Every structure is written in structure tokens, then in C-alpha cells.
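Fold and geometry: a report
What follows is each chain in one-letter form.
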Amino acid sequence: MTTASDTLIDIRQVTKSYYSGNVETQVLFGIDLAVPRGDFLAVMGQSGSGKSTLMNIFGCLDQASSGSYLLNGVDTLSLSRAELATIRNRTIGFVFQSFNLIKRMSVAENVALPLIYAGVARGKAHAKALLELERVGLADFARRTPNQLSGGQQQRVAIARALVGDPPLILADEPTGNLDTQTSIDIMRAFQQLNDERGITILLVTHEPDIAAYAKRLMRLKDGRVLYDGPAMEGLRQLALGHEQQLLASA
Ligand SMILES: Nc1ncnc2c1ncn2[C@@H]1O[C@H](COP(=O)(O)OP(=O)(O)OP(=O)(O)O)[C@@H](O)[C@H]1O
Ligand SMILES: [Mg+2]
């Protein structure tokens, strides 16, 4: 369980189907992806293309129907629920579109929570939470409750919470989806800094090319298949050209 791998996420031929009674709906069709340590990957694709489904598999919140998934060198398919929870806690920090902070707890308590769950003593957890808050520039807000913060500040608290256990990987599903443009830029700069300066590997889902432009690498999904996987700038250029051609075709 303590293996460290240069490849944090390695999925091969992953499929996913949902069942409603006897009716099967296949959502992912043989996805291959290897994410090396230090990568910064944006995932784009139309609504329903399978982005969140894939992120849930990466996060061990859901399991693939077939294929293989190595997380930090560990074969997740062979793990029990308890073992999955352990590797998830050690390896992944989650950031959500709606921040998911607990309203009746202070900012510092929110950030400390993953450590408390992991059995770290309260004093030590609180000290680490304050350090992470300082790193995202919110040390002065530690005693407030989340509703006394702006959306961007709340998302930075969520980032501090994701990082408090020192995971090598952050998974973020539309982290700027509820934020205005300027605040989204601030959050993306924060992610970029984490990637550049602390070598944190980041995988994020977004609908917006401007947001994906902060990533090094882009994966585009279409109907549960990989349409593009490569440098972000080249992928975004192709995306823009595609839109242009659609406009011309419909003119
Ligand atoms: N629990 C579920 N049961 C049945 N079908 C599901 C379930 N979760 C997702 N789906 C279906 O799987 C497909 C992919 O959904 P997913 O949430 O991965 O899309 P997405 O790319 O994240 O879309 P969005 O951009 O709207 O968030 C959709 O057609 C959706 O209806
Ligand atoms: Mg989604």
C-alpha cells in the first residue's frame, strides 16, 4: 500500500455502464489514460460525455465496469472498501463545484476535518490547517464560518482542505463552475502555483476553454470516448477550429 509510482493514474480500457432494471446504458467506452506525477490535466466535453463518471472512477468513489485502474501504482480493483478509503485519503484531495464546506464549522475546523477523520490529534490537525490556510492567503479568516466568505474565498478554503493531508493529487470537478470570471482566474492561478511550486498533480473538469488554458494537457471526451489527449494549447486550437467549421457549415 505504500508504493509510490511516477504514474499517479493509469487506466486501461476502462468502461462504465449504468443499469436501470435490465436496461444497460454504457457511458464510457474503453478509456486509456496515464497521468504522470506533476501533470496538470483539464478534461473537457459536452454535458453527458462522461467527465464526472470518469472523475468518480479516478477518485475511487465509483468503480469501472471493466478495465484496469492503478492509483499510485496500486491496483484498485483488488482492494476492499476499507483499503480503497485509505488509499483515497492518502492520495487524493477533492475540490467540488459547490465547495462542500460545513456551514456550522469554522473555516479552520473545515480544513482540519480530513486529518481529524484520519485520526490525527486535534491540536496537530488545527496547526496544519492554519498552515494550509496561510498558503492560500486566508490565515486571517480561520475563525469565520464559510457563509462569511466570498465564493472565491470559500473555494480557496476547499483547496486548503484538499491539501491538508499532503496528497500528491487533486481532483476537481468544475471548480470554477459557481464563480465569476475574475474569481475563476484567481482560483486557476492558485492551482497553477500548486502545480508549479509544490509539484501537486491536478486533474480538473471544465466547460470553459479559458479555464482549460491554465492546464498543461487537455483531454476531450465525446460520448464516452477520448477525442483528444495532448498539449492543452493544441487541443484548444483544434476545439476553436471545430467551432469555426460548425459555424461556417450552419451559415
Ligand atoms: N448514477 C447514474 N445512473 C444512471 N446514469 C447515469 C448516472 N450517472 C451518470 N449517468 C449518465 O451517464 C452519462 C454521463 O454522465 P456524467 O455525469 O459523467 O456527464 P458529464 O460529462 O459530467 O456531464 P456534465 O457536463 O453535465 O456534468 C449521462 O448520460 C448521465 O445521464
Ligand atoms: Mg459532470
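Look up: the structure comes first, before these words.
Described below are features of the structure shown in this document. (Residues numbered from 1 in each chain as written. Chains lettered and ligands numbered in written order. Predicted model: local features only at pLDDT ≥ 70, side-chain atom pairs only at ≥ 80, totals over all residues. Heavy atoms only, no water.)

The next subject is helix α5 (residues 151–163). Because each turn of an α-helix spans 3.6 residues, side chains separated by three or four positions in sequence point in the same direction. Compared with the 18 Å implied by 1.5 Å per residue over 13 residues, the 19 Å span of α5 between its first and last C-alpha is a close match. Among the 13 residues in α5, 11 count as buried, and that is most of the element. Every buried residue of α5 is listed here: G152, Q153, Q154, Q155, V157, A158, I159, A160, R161, A162 and L163. Each element contacted by the buried residues of α5 is listed here: β6 (92–96), α3 (107–117), α4 (122–135), β7 (169–173) and α6 (181–198). (Helix = DSSP H or I, 4+ residues; strand = E, 2+ residues; numbered from the N terminus. Expected span 1.5 Å × (residues − 1). Buried < 20%, exposed > 50% of the residue type's maximum accessible area, 1.4 Å probe, protein only. Contact = heavy atoms within 4.5 Å.)

Each regular strand shows side chains that alternate between the opposite faces of the sheet. Across 10 bridges, the pairing between strand β1 (residues 7–20) and strand β2 (residues 23–36) is antiparallel. Bridge pairing links T7 to P36 in β2. Between the end of β1 and the start of β2, which pair antiparallel, lie 2 residues, with G21 showing a positive phi angle near 65°. (Pairing = 2+ DSSP bridges.)

Turning our attention to the packing of α5 against α6. To describe two helices that pack against each other, one gives the angle between their axes and the distance between the axes. Look at α5 against α6: their axes get within 9 Å of each other, and the N-to-C directions meet at 20°. Between α5 and α6, the angle falls in the class roughly parallel. Read as a crossing pair, α5 and α6 show a hand that is right-handed. Across the interface between the two elements, G152, Q155, R156, I159 and L163 of α5 pack against T183, I187, F191, L194 and R198 of α6. Split by residue class, the contact of α5 with α6 holds 5 nonpolar, 3 polar and 2 charged. (Axes fitted to C-alpha atoms, helices over the stretch in contact; angles between N-to-C directions. Parallel < 35°, antiparallel > 145°, perpendicular 65-115°, else oblique. Left-handed = near helix turned anticlockwise from the far one by under 90°. Nonpolar A, V, L, I, M, F, W, Y, C, P; charged D, E, K, R; others polar.)

This next bit is on the sheet that holds strand β4 (residues 66–71). Picture the strands of a sheet paired through backbone hydrogen bonds; they go either parallel or antiparallel. Read from one edge to the other, the open sheet built from 4 strands follows the order β2-β1-β4-β5, with strand pairing classed as antiparallel. Edge positions in the sheet fall to β2 and β5 (74–75), since each has one partner strand and no second. For β1 and β4, the ladder comprises 5 bridges, and the chain directions are antiparallel. Across the sheet, the residue bridging to T15 is S66, located in β4.

If you walk through the whole model with that rule in mind, you get 2 aromatic pairs. Between F58 and Y69 the ring centres are 6.3 Å apart and the planes differ by 65°, which places this aromatic pair in the edge-to-face class. Of this pair, F58 sits in helix α1 (residues 51–58) while Y69 sits in strand β4; the two residues are 11 residues apart in sequence, bridging distant segments of the chain. Here F58 matches Y69 in class, with each residue buried. Ring geometry for F94 and F96: centres 6.1 Å apart, planes at 10°, overall stacked. By relative accessible area, which is 18% here, F94 ends up buried. (Phe/Tyr/Trp six-rings, centres within 6.5 Å; stacked < 30°, edge-to-face > 60°.)

Following the sequence through the fold, G199 ends up in the loop between α6 and β8 (201–205). A residue is classified by how much of its surface remains accessible, and G199, at 35% relative accessible area, is partly exposed. Taking the C-alpha atoms as reference points, G199 and S65, separated by 134 residues in sequence, lie 32 Å from one another. Ignoring sequence-local partners within four residues, the contact set of G199 consists of G38 and L194.

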